[in-house]
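Examining the three-dimensional arrangement
Below are the chains, spelled out letter by letter.
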Amino acid sequence: EVQLVESGGGLVQVGGSLRLSCLASGFTFDEYAIGWFRQAPGKEREGVARMSAVDESTEYADSVRGRFTISKDNAKNTFHLEMDLLKPEDTAVYFCAAGPSMLALRFRPPRAFWGQGTQVTVSS
C-alpha cells in the first residue's frame, strides 16, 4: 500500500529552523513529483514547495521562496522540507505529497498521495 510518513514537526521560535521529512513506500518513488502543502485553521490547503521527477526542478510559494528548500533522496525514498527564518505565519499542519506529475500537484485539489500531516508552530 502507498504510505507517506512524516516527521520533524514541532514548536520553534520566530527566526528558527525546522526540517520536515517524509518517508515514502508502495509506489515508484523516483517517478513521482513530490511536494509539501500546509493548512492553517480556517484556511485552505496551500502548496508550499514541489519538485519534478523529470528534472528535479522546483517551485515555491511566494511566501516561502528563499526561506524553504525541498530536497529528496531517491535511494532512501525520502524527501525533506528545510524551513529557515520561520515566521508566525508559517504555523500550520504540513503535509507531504506525491503525484504523477508537477501538473497533478498543481490541481485543486492536488491529485496526489498524502502524508498524515505534522504540526509546525512558530511562536513569537
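Position labels on residues start from 1 in each chain and follow its written sequence. Reporting of local features is limited, given that this is a predicted model, to residues whose pLDDT is at least 70; pairs of side-chain atoms are given and counted only at 80 or more, and all residues count toward the totals for whole chains, interfaces and linings. Note that the side-chain values use all heavy atoms of the structure and ignore hydrogens as well as water.

Turning next to the overall build of the protein. The way it works is that DSSP assigns letters per residue, a run of H or I at least four long becomes a helix, a run of E at least two long becomes a strand, and they are numbered from the N terminus. Helices and strands together make up the secondary structure of the protein, namely one helix and eleven strands. Across the protein, helices and strands are ordered from the amino to the carboxyl terminus as β-β-β-β-β-β-β-β-β-α-β-β. Against the globule reference of 14 Å for 124 residues, the protein gives a C-alpha radius of gyration of 13 Å, in line with a compact fold. In terms of principal-axis extent, the alpha carbons of the protein reach across some 40 × 30 × 25 Å. Scored against the burial criterion, the 124 residues of the protein give a buried share of 43%. Throughout, a residue-residue contact means that at least one pair of heavy atoms, one from each residue, lies within 4.5 Å. Put simply, 58% of the contacts in the protein that link residues at least 6 apart link residues at least 24 apart. Shrake-Rupley sampling with a 1.4 Å probe provides the accessible areas, and residues are treated as covered by the protein chains on show and by no other component. Split by element, the accessible area of the protein, about 6500 Å² in all, is 50% carbon and sulfur. Positive charges come from Lys and Arg alone, negative charges from Asp and Glu alone, with His and the N- and C-terminal ends not counted. Taken as the charge centre is NZ of Lys, CZ of Arg, CG of Asp or CD of Glu, depending on the residue. Taken as two groups, the 13 positive and 15 negative side-chain charges of the protein have centres that lie 4 Å from each other. Computation of the radius of gyration draws on C-alpha atoms, with the globule rule given as 2.2 Å multiplied by the number of residues to the power 0.38. Per-residue accessibility, obtained with a 1.4 Å probe over protein chains only, is compared with the maximum for each type, and a residue is labelled buried under 20%, exposed over 50%, and partly exposed between these values.

Take the state of the cysteines next. Two cysteine sulfurs form what is called a disulfide whenever their separation falls within 2.5 Å. Overall, the coordinates contain one disulfide when judged by the stated rule. With a sulfur-sulfur separation of 2.1 Å, Cys-22 is cross-linked through a disulfide to Cys-96. Between Cys-22 and Cys-96 the disulfide shows an S-S torsion of about 55°. By sign, it is right-handed. One end of the pair, Cys-22, is in strand E3 (residues 18-25); the other, Cys-96, is in strand E9 (residues 92-99), with 74 residues separating them in the sequence. Side by side, Cys-22 and Cys-96 carry an identical accessibility label, which is buried.

This part covers the nonpolar core. Among buried residues, those of type Ala, Val, Leu, Ile, Met, Phe, Trp, Tyr and Cys that are joined through side-chain atoms within 4.5 Å constitute a nonpolar core. Counting residues in hydrophobic clusters, the biggest one holds 29 residues, and the most contacted among them are Trp-36, Val-48, Phe-68, Ile-70, Leu-81, Met-83 and Tyr-94. For this core, the secondary structure elements donating two or more residues are E3, strand E4 (33-39), strand E5 (46-51), strand E7 (68-73), strand E8 (78-83), E9 and strand E11 (118-123). Ala-33, Phe-37, Met-102 and Leu-105 belong to the second-largest nonpolar core, a separate cluster that totals five residues.

Turning our attention to the layout of surface pockets. Residues are said to line a cavity or pocket when one of their atoms sits within 4 Å of a point; the points come from a 1 Å grid over protein atoms alone, cavities being sets where a 1.4 Å probe fits but cannot get out and pockets being open sets with protein on both sides within 12 Å along at least five of seven lines. Grid points are joined across faces, edges and corners, and a volume is the space filled by probe spheres set on the points. In this structure, the largest pocket encloses a volume near 160 Å³. For the lining of the largest pocket, the secondary structure elements donating two or more residues are E5 and helix H1 (102-106). Element by element, the count of residues in the lining of the largest pocket is highest for E5, at three residues. In the scheme used here, Gly and all other residues not listed as nonpolar or charged are polar, with Ala, Val, Leu, Ile, Met, Phe, Trp, Tyr, Cys and Pro taken as nonpolar and Asp, Glu, Lys and Arg as charged. When its residues are assigned to classes, the lining of the largest pocket shows five nonpolar, one polar and six charged.

Right, let's get into the sheet that holds strand E1 (residues 3-7). One open sheet holds the four strands; their spatial order is E1-E3-E8-E7, and the pairing between them is antiparallel. Strand pairing shows two members of the sheet lacking a second neighbour, E1 and E7, which therefore form its edges. Within this sheet the neighbouring strands show an average axis-to-axis angle of 15°, counted without direction. Pairing between strands is defined by DSSP: at least two bridges between the two strands are required. Of the strand pairs in this sheet, E1 and E3 are connected by five bridges, and their pairing is antiparallel. Each bridged residue has a counterpart across the sheet, and for Gln-3 the counterpart in E3 is Ser-25. All axes are obtained by fitting lines to C-alpha atoms, using only the stretch in contact for helices, and the reported angles, taken between N-to-C directions, cover 0 to 180 degrees.

Further remarks concern the environment of Trp-114. Within the secondary structure layout, Trp-114 lies in strand E10 (residues 113-114). Given a relative accessible area of 28%, Trp-114 falls into the partly exposed group. Here Trp-114 is in contact with Leu-4, Phe-37, Arg-45, Phe-95, Cys-96 and Ala-97, once residues within four sequence places are set aside.

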